[in-house]
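Remarks on the overall topology
Given next are the chains, with one letter for each unit.
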Amino acid sequence: MSAPPDEVAGPGHTRVAVLDLIAAMTLEEKLAQLVGLWQGVDRDSGAVAPLQDAMDTVERGFAEYAARGLGQITRHYGTRPLDPAEGLAALAAQQRWLREHTRLGIPAIVHEECLTGLAAWRAAAYPAPPAWGATFDPALVERMAARIGRVMAGLGIHQGLAPVLDVVRDMRWGRVEECISEDPYHVALTGAAYVRGLQSAGVVATLKHFVGYSNSRAGRNLAPVHAGEREIRDVLEFPFEVAVRDAGARSVMNSYAEIDGVPVAADAALLTGTLREEWGFDGTVVADYFAVAFLQTLHRVAEDAGDAAAQAITAGIDIELPTGVTYLRPLQERVEDGRLPLEIVDRALERVLTQKAELGLLDPDWAPPPGPAPTPDTEEDRLLAAEIAERSVVLLHNNGILPLGPGATNTRTLAVVGPNARSVQALFGCYSFVNHVLPHHPGTAIGLRAETVESALRREFDPAVLLTARGTGVDDGDTGGFEAATTAARDAEAAVVVVGDRSGLFGRGTSGEGCDVDDLELPGAQRALVEAVIATGTPTIVVLLTGRAYAIGWMFEGAAAVVQAFFPGEEGAGAVAGVLSGRVNPSGRMPMSLPRGVGGQPYSYLHPPLGGASSVTRIGTAPAAPYGFGLSYTEFAYEDFTVGADRVDVAGSVRCAVTVRNTGERSGAEVVQVYASDPVASVTRPLAQLVAFERVFLEPGESVRVHCAVPTRLLAFTGRDGRRIVEPGAITIGVRRDAGEVISEETVLLTGAVHHIDGTEPRISTVTVSAPSAAPAPHAPGQPA
């Protein structure tokens, strides 16, 4: 073995040094750096990636596969139950082998899934992304991501495949549970916070899935996307732009989608033009698992694996994951016979090696973490998971029954029924290890200290008597347990019905990747169970543990209360119990509109006038509860909404302020939401769009003044000529309780000539909070005041 050139080793790596290293490499060594290796999984072991059973997977041993080097190690911890200490030792051995037994001695980047925490056995499982959105608290999400990153770094992991920045467009899509919100600004701020948190620990964040994936036809996974350039540019790309330009994300993963007939994995206009040439991204683009091969097998735009590889790497995909199905021998043949210029390979390789240099993997003294392995689920994790869960629970409906009061103060006997009352798995999303991997290892303990909602209620309301019954399964349609459930309800003073989803992959669940639905009723016989319990006359509280928003507006007529929790994680049961008792004052707000029925899908509150109610169709679109909606156990009043000026330069910022007062009898948090609209524009615009928000905590009688500076860039759109612009003219800006309820708004005139967006404009509103009579104290966007 010979070492890399001396000037590559050590800090301060330069482009010249990386190019010198590339010049010293053979073609096979170059290609080896552009692929991953996935061990411990095969085509018959149960799918943890799409169409895995139809793909060739690696059967060679590590030493044979990596003889000429290796770009990435795929999901070392996240493929099977692996003790963290054993996993760290095994990973260190592989990295040392690469250092000592390959000619150039370059270690591999290790990547893992980390959407709801590191997806590994015994690692902390935080709430799912819609719960992050429901908190409207980016700073809290950043803290979570930083904690996840520190654990990953301690385990020798360099890259996390998160966050998901797809904007929710259709509630039928199974991967809604991986998304933050239906609002691109909301997704952008929250996703950027995750990126900053993860990368603060030295772990590369990977933005998923660039771009358009969530806009698939009929909400079907991997279905074609037919979206105009304006929708792609103005809605779907914005969170990625913010994460790249403002948060400095170092990696991007392509979408599986094809947009108007062109697969993203082969679209140079997106992967190179938009991402690199327009936004200045200089990190790595990694392929979603098997996406390069899909150009041949699914999209049928490539004649063979070599053609697929050539199209993908030319478009801008630098690294093939999870294994080298196309970027090894098939791509080598294309280069050797002259059909693909070597310069294209070297371009991708330069990016990969530059990132390895940034991570210190080219340093001569680099070594894997010495251990001991960090504890992946500590008391710190559980406290943080509880805080996120508590802030994310949304109270959708309450006729006054809640809060029940702690310790059975108001209730001596509770019926607790429903398929999710006793299910720990119901707390977790499909990219948690519990639901992603453990189903393939029956009998293995989940490895987490998590309780069910039933056990949490038993603890919360001790010494109350709990009468329990399952009632039905999540989706089996069985009504045989209804009698036991209704009997329990009749014998209780209140009934808690815990219903919702079972998260899984590729048809093994009711929510999750590949678990799309064709209606938005609760799965199976769960609606009938809820209706049967309500019919007993016992006050009924419905708790929803779901990955999407279902059409459950009918519940508001008969249920005494409805509580929504989006897969709230390992501490989620306690959060739900705390909301029911009143120990926790609910402050979550809906990160997506609550649909009235499936006929309104796809739906977004960001619709233009023609997207609203109409006399020329029988299909209504109005949601049962709007985006941003949520109730509290206290009341908040808004006073004195003002704008800084009634005329603002078209390239400037609109300033506004409002006083928020807690007029109730207990402390609580309010989410201040500022919306803007463009009543007359050269293209149709949304009736309203979120442009700023701030979560404020207030004691009874306390008030604060919330000041916002909203850059006009947030009102930009793609004009008729395809250029992104801000137009002069009147706009409205105001504060709302949610997307549907206006509290106060003012008109501001944008003056000057049409402003053409050049990318230098601020993309994030600045929010400051002060005492009502004090000057504002500035703070970073999304950070607590």
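Above: the structure in question.
Note that the structure is predicted; figures quoted are calculated from it, not measured. (Residues numbered from 1 in each chain as written. Predicted model: local features only at pLDDT ≥ 70, side-chain atom pairs only at ≥ 80, totals over all residues. Heavy atoms only, no water.)

Re the sheet that holds strand β27 (residues 766–770)
The test is simple: What makes two strands pair is DSSP finding at least two bridges between them. A helix here means a DSSP run of H or I that spans at least four residues, while a strand means a run of E at least two residues long, and both kinds are numbered starting from the N terminus. Angles run from 0 to 180 degrees between N-to-C directions of axes, and those axes are lines fitted to C-alpha atoms, restricted for helices to the stretch in contact.
Across the sheet, four strands lie side by side as β16-β18-β21-β27; this open sheet has antiparallel pairing. The outermost strands of the open sheet, each flanked by one partner alone, are β16 (636–643) and β27. The mean inter-strand angle of the sheet, taken between neighbouring strand axes irrespective of direction, is 20°. Bridge count for strand β18 (residues 653–662) against strand β21 (residues 703–711) is nine bridges, and the pairing is antiparallel. In the strand pairing of β21, Arg655 is matched with Ala709.

Remarks on the pairing of strand β6 (residues 251–254)
Formally: Remark: exposure states derive from per-residue accessible area (1.4 Å probe, protein chains only) relative to the maximum for the residue type, with buried under 20%, exposed over 50%, and partly exposed in between.
Every second residue of β6 is oriented toward a common face, with Ser251 and Met253 on one face and Val252 and Asn254 on the other, all of them buried. Of the pairings in the sheet, the one linking β6 to strand β9 (residues 284–286) comprises three bridges and is parallel in character. Bridge pairing in β9 links Met253 to Val286.

Describing helix α4 (residues 84–101)
Cut-off, in case you're wondering: A helix is expected to reach a length of 1.5 Å times the quantity of its residues less one. Working note: the arc is built from the helix axis to C-beta atom directions. In what follows, residue pairs with any heavy atoms lying within 4.5 Å of each other are defined as contacts.
If you check α4, its first and last C-alpha atoms are 25 Å apart, about what 18 residues at 1.5 Å a residue would give, namely 26 Å. Turning to α4, its buried residues are Pro84, Gly87, Leu88, Leu91, Ala92, Gln94, Gln95 and Leu98. One side of α4 carries all its buried residues, which in axial view fall inside an arc of 160°. More than 90 degrees from the buried face of α4, the exposed residues found are Glu86 and Glu100. Those residues of α4 that are buried lie in contact with α3 (62–65), β2 (72–74), β3 (109–112) and α6 (138–154).

A word on the sheet that holds strand β22 (residues 717–718)
If you trace the three strands from one edge of the open sheet to the other, you get β22-β23-β26, paired in antiparallel fashion. Across the chains shown, the open sheet's two edge strands, defined by having one partner strand only, are β22 and β26 (755–756). Here β22 runs beside strand β23 (residues 724–726); their pairing, made up of two bridges, is antiparallel. Each bridged residue has a counterpart across the sheet, and for Phe717 the counterpart in β23 is Ile725.

So yeah, pure geometry; function would need other evidence.
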